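Next come the chains, spelled out residue by residue.
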Amino acid sequence: MDMRRPPRTVSDPKVRQVGFVTPSAAPPTRSLSDAPTTVAAAVAASAASASSPPSGEISLPGSSLSPVMIPPPRHASSDGRPSAPVAVPNPASSLRRDSLRIRVGSYNASEVVLGTPPSASPSSRTDNAASEFSDETMSPWHGRSGTAKAASSFPGSSSEMIVMKTGVGGGGGAGSTPKSPLTTASVVKTLPGISEKEREVLMGTQNDGAGASKTLKEKTTKAERRALQEAQRAAKAAAKEAGAGVKPSTASGSAVVANTKQGKVVKPPPQKKDGPQIAPPSGSSEKKVVDRPPEKDRKKDVPAPRMQFDDKHRVEKAKRRAVVNQFEAKNRVELFRHLPQYIHGTQLPDLEGKFFQLDPMHPSVYKVGLQYLSGQISGSNARCIAMLLAFREAIRDYSTPPEKALVRDLTAKISSYVSFLIECRPLSISMGNTIKFLKNRIAKLPDTMSESEAKSSLQSDIDRFINEKIVIADKVIIRHAVTKIRDGDVLLTYGLSSVVEMILVYAHEVGKQFRVVIVDSRPKLEGQVLLHRLVAKGLNCTYTHINAISYIMHEVTRVFLGAASVLSNGTVYSRVGTACVAMVANAFRVPVLICCEAYKFHERVQLDSICSNELGDPDVISRVSGRQDLNHLDNWADNENLQLLNLSYDATPSDYVSMIITDYGMLPPSSVPVIVREYRRENLWI
Amino acid sequence: MARMDFEVVVLAGGTSRKLNPLVSQEVPKALLPVANRPVLSYVLELLEASNLKDLIVVVEGEDAALRIGGWISGAYVDRLHVEVAAVPEGVGTAGALRAVASYLTANDVLIVSGDLVTDVPPGAVAATHRRHSAVVTALLCPAPVSGPSDTGTSGGKEKAKKPVRCNIVGLDPTRQYLLHMATGWVEVEKDIRVQKSILRAVGQIEIRVDLMDAHMYAFKRSVLQDILDQKDKFHSIRQDILPYLIRTQLNSEVSDNGVIKSESGMDNISSQNDLRWLSQHREIAPSAFQEPHAFGLKSLPDARRTHKCCVYIANESKYCARLNSIQAYSDINRDVVGEASHLSGYSFSAQNNIIHPSAELGSKTTVGPQCMLAEGSKLGDKCSVKRSVIGRHCRIGSNVKIVNSIVMNHVTIEDGCSIQGSVVCSNVQLQERVVLKDCQVGAGYVVTTGGEHKSESLARK
């Protein structure tokens, strides 16, 4: 439930900046490890390339087409926008551009690789001549291609091209629409088109670029190493002092992170704070040893401190990390300042516009995020299923990057997806549980498992979760609930709960005689959907709004309600208005049955609906559908004294709940902690 | 994997007949300069800005393909990965797609017309498409208001322009689904045929004529390929494929196994419940998990046989225009240098115009705002340029007046000419005291001394 973003390094390596590295030169630090050339050799190479392109004596592994040069800052800003995901996709291409520019010779010297004057490169002279050939429709490129040094595979020479083309045209003349051949007109990343000589140039520049970056890194690490060590030492000491259960490695790890990554400075404190809470210093050492494994688990389960949205400092930090543009909400209600304010209406177009620019996001995750944002998917089961399916697809398409462990990298990936989804809409408790489950499964993957096995095992885990925890659980709940429906009953339900709908439909199908009262509320009017479906199936329905609840309750014999979550003190966390319905029913001595799958249970204790809730769009409550004349609240945001509050959830105290129907049977609310305690393992670890 | 599982096809067209005499063998439509940049560059740069770097450009005609390919490889050599495909002339947009359909592999295809000048992010269309799991999503833009109000054009031209200017679009009340699309042959007051089944399903249709189909579509690839395979008569996307999909959206013949979750807003529920309806759990539950709920689906007997046609309606603040007529050509030129100047990619001077440092101005020559003067052009004394674009290396004598016009490259204009509302192509020579009003002069044409032309199209025979 927290707004933590995973380290950007993992989701987008291009953003990573260590020390004094210019934007496009960041990757070399990483590629260094696969290009084990000595500094001396690289320096030599750079020296050599300054005078003339070295013949390819130094060969790099083909895979490590590393970047290479530190372009002058002006250049860097001109070719890539500051937002890193877009910029030069393959560092090699930036290199190539420059090397090509030299040859074309129509660019100024400041862009030249490592200050090599344009005239130093032999090819530039030839091309200066060639570029005068023509300068508008026929590119200098075309003219140059005659010299057989074309970088692109487009016309090797124009005559060749025509021959090829006419051949195709002849073949195509017969059919109405022939399959036309694709001709590559320009290339970004593909190297095959590069001629031998050019590649040599490329290699040379690459080498010396790597060398440069290597020396650079050497410096930065030297400078930083001491600070790093000290930080580690300090963290260790701190951990010892606290006598905390925080494993030194994590503490020092966070310290390291804090040291190397400025952006993450916020994170360590909460972690450290957690330590003492979990294991107070008074705890004896033996006990600690015994405790350790479960403690580790527990630490994972402890909900990280939730983002408090009235904490300006944090909000600023989060905003900077956010993928989705965060806007300031106006006229916030004082009591609910700590909650994420509703801003979705303005986010959607912004996010849609960026569709192609969010690099690390898997398409299906993105789609689900958009659907959350636009309200196309709502309801905790629906959101949960949608999220799981998106993750399943993401896992299917996932491949571990080289030199990374699947377990770690995939967990980070999933975390980045989750934080994106949170930005779209705050997580529901059921989703939180589900994510915990998935991460656990990933963490529990044996190291020996191959990647494909691991992936398929995770996918089947997800399938199983959906099937067992949602689909079958619903069936069980239906079976249980139907026993509580007798002929002649009048059942009341509120809003639109998928389980309740299935119960009603099933009871109707097994031939029970009953009547349904659907209570609805603005602004979502979800009850109408339920009403529509039930009426279509031939159920006898009454539809009313929640303000008539006390009137309609007279005739009701049972109340069936859905829930977003049931907390361990028996509090039912559900769509706003549920509490009101339950209280009125209780006053009328009508039994209230809550239908909720056990995977939505949560061990949290919540006494009110203030500390944790979700804010909806305040605008929708100011408008009345079908009543354009009721416009008194137009431009309400301009009035500083007016705040609109559109809460999404409320908490129903357990006193008003007669029974909770779950997949483990029908229980009183007081038994929820038992379920949470006894079946938690099963819920999360299947 | 293609980015976000989208592939991009740019239909660059060939030598459009409508744009005679501006286009020719040497200058296919895609290379027609708009503010001294080929019009295709606007699309390519838009796509590049959206991080779409793997493109397929389909060109009609071998020669045109060669030229466009050559230009792209020069201008975008290490920025974009472009494949150029040539198709025979006259195959239409559907034919062009058919030619490249077998190369497409991604889940969805974004099809962009090469003559589009816009700043609507293609990602928005793609995202809407993805969000709805639609079969097709079309970009609709507010139709340009100022453009077609010219009196000088003949009746025939008017008619040719109509389908673009006056798309009749039917939308559901939430303005997300496309229920009707007709070309504007009919007047709005006249009868419009609307399918009863669709009307019944939605409850009410909003008919609009103020929207323009911008020819940017997102298609589901499998469906598109099916249609192209099965309906070999289909010639154009807008006139055949799109209406077909819209027509059959409640009784789909194309929805393959992948598109099951398409109980769209056209279900029998009253339309204001669209979104709530869609938001239900069964909607997203995939086939595997849908079976257990089968009894929940009975109210929608043909839920599996529907597909969604969606629209993305661009914000009014966005600029969007298609270069599909001579009028549009001058409009776009004017707008790109004027009100939509952010599209041009140039930085404007304090006088709100662009004068290349290498351009030479004579004494007492004025260049007004919203003008562009490219490199190497020379103006003599006492000239006046207003709201016009002048290309490279033009030689313009003294006492020349250029208003509301486009002068391309290497044009020679001798003393005392007056050009108003005209388009002068490359290598044209205007001898002394020529007066042009609302004319188009084809490439290489020579207008002799003292010639006065009004609303004419002059081209070399």
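Reading the values: rules and limits
- Residues numbered from 1 in each chain as written.
- Chains lettered and ligands numbered in written order.
- Predicted model: local features only at pLDDT ≥ 70, side-chain atom pairs only at ≥ 80, totals over all residues.
- Heavy atoms only, no water.
- 1 Å grid on protein atoms, 1.4 Å probe; cavity = no way out; pocket = protein on both sides within 12 Å on 5 of 7 lines; lining within 4 Å.
- Points joined across faces, edges and corners; volume = space filled by probe spheres on them.
- Helix = DSSP H or I, 4+ residues; strand = E, 2+ residues; numbered from the N terminus.
- pLDDT = per-residue confidence, 0-100.
- Contact = heavy atoms within 4.5 Å.
- Axes fitted to C-alpha atoms, helices over the stretch in contact; angles between N-to-C directions.
- Parallel < 35°, antiparallel > 145°, perpendicular 65-115°, else oblique.
- Left-handed = near helix turned anticlockwise from the far one by under 90°.
- Phe/Tyr/Trp six-rings, centres within 6.5 Å; stacked < 30°, edge-to-face > 60°.
- Buried < 20%, exposed > 50% of the residue type's maximum accessible area, 1.4 Å probe, protein only.
- Lys NZ or Arg CZ within 6 Å of the ring centre and 35° of its normal.
- Patch = residues over 30% accessible without salt bridge, like charges linked within 9 Å, V, L, I, M, F, W, Y side chains within 5 Å.
- Areas by Shrake-Rupley, 256 points an atom, 1.4 Å probe, with all protein chains shown as cover.
- Salt bridge = Lys/Arg side-chain N within 4 Å of Asp/Glu carboxyl O.

Visitor: So what about empty space enclosed by the protein? Which residues, and what values?
Guide: Residues and elements named next belong to chain A. Counted by the stated rule, this structure contains 14 cavities of 30 Å³ or more. Empty space within the largest cavity amounts to approximately 440 Å³. Lining the largest cavity are 26 residues, and of these Gly379, Ser380, Leu496, Ser497 and Arg575 lie nearest its centre. Counting only elements with at least two residues in the lining of the largest cavity, the list comes to helix H16 (380-396), helix H20 (498-509), strand S5 (558-562) and strand S7 (572-575). By residue number, the principal contributor to the lining of the largest cavity is H16, which donates 4 residues.

Visitor: If you had to explain the confidence of the model for chain A to someone new, which residues and values would you point to?
Guide: All names here are of chain A. Residues at a pLDDT of 70 or more form 53% of chain A, whose mean pLDDT is 67. Taken together, the stretch residues 21-177 has pLDDT below 50 and engages in 229 contacts with residues farther than four places along the chain or on a different chain. Segment residues 244-303 is flagged for pLDDT under 50; beyond a separation of four residues in sequence, or across chains, it makes 56 contacts in the model.

Visitor: Lay out the packing of helix H15 (residues 363-374) of chain A against helix H17 (residues 406-424) of chain A with the relevant residues and their values.
Guide: Residue and element names in this part refer to chain A. Contact geometry for H15 and H17: axes closest at 8 Å, N-to-C directions at 20 degrees. By the angle between their directions, the pair H15 and H17 is classed as roughly parallel. Handedness of the H15/H17 crossing: right-handed. From H15, Val365, Tyr366, Val368, Gly369, Tyr372 and Leu373 reach across to H17, where they touch Tyr417, Phe420, Leu421 and Cys424.

Visitor: Explain the packing of aromatic side chains residue by residue, including any values.
Guide: Pairs of aromatic rings are described using the distance from one ring centre to the other and the angle between the two planes. Across all of its chains, the model carries 8 aromatic pairs over all chains by this definition. Note on Tyr573 of chain A and Tyr649 of chain A: the rings are 4.9 Å apart at their centroids and 20 degrees apart in plane angle, and the pair reads as stacked. Taken as a pair, Tyr573 of chain A in strand S7 and Tyr649 of chain A in strand S10 (residues 649-652) lie far apart in primary sequence, 76 residues in all. Side by side, Tyr573 of chain A and Tyr649 of chain A carry an identical accessibility label, which is buried. Aromatic side chains Trp71 of chain B and Tyr76 of chain B sit 5.6 Å apart centroid to centroid with 85 degrees between the ring planes, which places their arrangement in the edge-to-face category. Put simply, the rings of Phe437, Phe465 and Tyr599 of chain A pair up and form one aromatic cluster. One residue, Arg383 of chain A, lies across the ring of Tyr372 of chain A, its end atom 5.3 Å from the ring centre.

Visitor: Tell me about a nonpolar patch on the surface, and please be specific about residues and values.
Guide: All names here are of chain B. A surface patch of nonpolar side chains, amounting to about 190 Å² of accessible area, comprises Val194, Leu199 and Ile207. Along the chain, the position of Ile207 falls in strand S11 (residues 206-208). When its relative accessible area of 33% is taken as the criterion, Ile207 is described as partly exposed.

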